[in-house]
Amino acid sequence: MQTQLSPAYRATAEGQEADAILRSCVHCGFCNATCPTYRLLGDKLDEPRGRIYQIKQVLEGVPASTIQACCKAIASKSLASDTCGTS
Ligand code: SF4
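Visitor: Let's hear about the overall build of the protein chain: which residues, and what values?
Guide: The secondary structure content of the protein chain amounts to five helices and zero strands. Listing every helix and strand of the protein chain by position from the N terminus yields α-α-α-α-α. A buried classification covers 17% of the 87 residues belonging to the protein chain. When contacts within the protein chain are restricted to residue pairs at least 6 apart in sequence, long-range pairs at least 24 apart make up 57% of them.

What follows is the structure, encoded as structure tokens:
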């Protein structure tokens, strides 16, 4: 995934780590099998790829207030999943 993190995030070690993780996601969707909300709801609109994209938007400068509350709570767990090569 192509990213353009805002300078405030790009200048930090955490931002650089997040950038590397985001860039390695190829949107294959294999993480759906282990996503708690997708497994519970079965809704493609509530799957890891959407949350990853929303995290990317925030790190690129889109206001965090536009992110769904449920995404904030579980986004870090989705990105930290060891079910794909991105983490
Ligand atoms: S996070 Fe990993 S498993 Fe999920 S869509 Fe991206 S590359 Fe595929």
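Visitor: Summarise helix α4 (residues 48-59); cite the residues concerned and give the values.
Guide: A turn of α-helix holds 3.6 residues, and therefore any two residues three or four places apart point the same way. The end-to-end C-alpha distance of α4 is 16 Å, a good match for the 16 Å that twelve residues give at a rise of 1.5 Å each. Three or more residues of α4 are buried, namely Pro48, Arg51, Ile52, Ile55, Lys56, Val58 and Leu59. Projected down its long axis, α4 carries its buried residues within an arc of 160°, all on one side. Positioned one or two residues after α4, Gly61 has a phi angle of 115°, which is positive.

Visitor: Kindly report on the environment of Ala64, identifying the contributing residues and their values.
Guide: Looking at the element boundaries, Ala64 is found in the loop between α4 and α5 (69-79). Judged by C-beta crowding, with 11 C-beta atoms within 10 Å, Ala64 ranks as exposed. In this structure, the C-alpha to C-alpha distance between Ala64 and Gln54, residues ten residues apart in sequence, is 8.8 Å.

Visitor: I'd like a rundown of unusual backbone geometry, residues and numbers included.
Guide: One non-glycine residue, His27, lies in positive phi territory at about 60°. Among the structural elements, His27 can be located in the loop between α2 (13-24) and α3 (36-41).

Visitor: Describe the confidence of the model for the protein chain, with residues and values.
Guide: Any segment with low pLDDT has predicted coordinates that should not be analysed in fine detail. The pLDDT averaged across the protein chain works out to 80; a share of 76% of its residues lies at or above 70. Mean pLDDT values for the elements of the protein chain range from 53 in α5 up to 95 in α2.

About the criteria used
- Residues numbered from 1 in each chain as written.
- Predicted model: local features only at pLDDT ≥ 70, side-chain atom pairs only at ≥ 80, totals over all residues.
- Helix = DSSP H or I, 4+ residues; strand = E, 2+ residues; numbered from the N terminus.
- Buried ≥ 20, exposed ≤ 12 C-beta atoms within 10 Å, placed from the backbone.
- Contact = placed C-beta atoms within 7 Å.
- Expected span 1.5 Å × (residues − 1).
- Arc of directions from axis to C-beta.
- pLDDT = per-residue confidence, 0-100.

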